[in-house]
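Secondary and tertiary structure notes
Here are the chains, one letter per residue:
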Amino acid sequence: DSILVFSREANGDVAPIRIIQGPKTRLDRPGSVSVDPVNNLLGVGTKSGMLIFDRTADGDTPPRYVIAGPKSGVGVGRGGGGSPTLYPEGKLIISGTRIWKYGDNGDVPPWAILRSSKLEDRGTKGSVLDVENKELILLTGGAVMVFHVL
């Protein structure tokens, strides 16, 4: 379980410039990564929770924040750790329809949950954050929904 970081100009068979791995990282089958270059954060979705690292983390480095547990709705027994999308301008962590603020740590409930009968009926299949237009675009089972993010 590791996160390999490559130069944006890398091409071909090149070594990573950093590798995040080890017991202190708490990485457990990472499945998604999001980067906030403005606030220098790296968000990782794992089987057991959402881990937020310093963007330049290297080696066996613990995350700055961990969001996991029954109150958060993230982690073991809850279908995995979610896929965090970092929103630099609002300093928000968005996973599906749930939103936390930077600095939230531990088993904390979301700061906000997007509610819609269409979301509840169909579930969320994926999300994209359009920072330029300040929109969260959600793909549901049969519909695309757009929410304005402040």
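Everything that follows concerns the structure shown earlier in this document.
About the criteria used
Residues numbered from 1 in each chain as written. Predicted model: local features only at pLDDT ≥ 70, side-chain atom pairs only at ≥ 80, totals over all residues. Heavy atoms only, no water. Helix = DSSP H or I, 4+ residues; strand = E, 2+ residues; numbered from the N terminus. Contact = heavy atoms within 4.5 Å. Polar contact = N/O pair within 3.5 Å; in protein donor to acceptor, adjacent residues only side chain to side chain. Patch = residues over 30% accessible without salt bridge, like charges linked within 9 Å, V, L, I, M, F, W, Y side chains within 5 Å. Areas by Shrake-Rupley, 256 points an atom, 1.4 Å probe, with all protein chains shown as cover. Salt bridge = Lys/Arg side-chain N within 4 Å of Asp/Glu carboxyl O. Buried < 20%, exposed > 50% of the residue type's maximum accessible area, 1.4 Å probe, protein only. Core = buried A, V, L, I, M, F, W, Y, C linked by side-chain atoms within 4.5 Å.

**As for the environment of P16**
Within the secondary structure layout, P16 lies in the loop between strand 1 (2–5) and strand 2 (18–21). The spacing of P16 and V5 is eleven residues in sequence and 5.4 Å in space, taken between C-alpha atoms. Sequence-distant contacts of P16, defined by excluding residues within four places in its chain, comprise L4, V5 and F6.

**Some thoughts on the side chain of S34**
Position of S34 relative to the elements: it lies in strand 3 (residues 32–36). Polar side-chain contacts of S34 include one of 3.0 Å to the backbone nitrogen of L86.

**What to know about a nonpolar patch on the surface**
Together, L4, F6, V14 and I19 line one region of the surface with nonpolar side chains, adding up to about 300 Å² of accessible area. Take I19: its relative accessible area is 32%, and that puts it in the partly exposed class.

**Re the nonpolar core**
The biggest cluster of nonpolar side chains holds eleven residues, and these are I3, V5, I20, L27, L42, V44, L51, F53, A57, V66 and A68. Looking at this core, the elements with two or more residues in it are strand 1, strand 4 (41–45) and strand 5 (50–54). Listed in part, the ten residues of the second largest apolar core include I67, V74, I93 and Y102.

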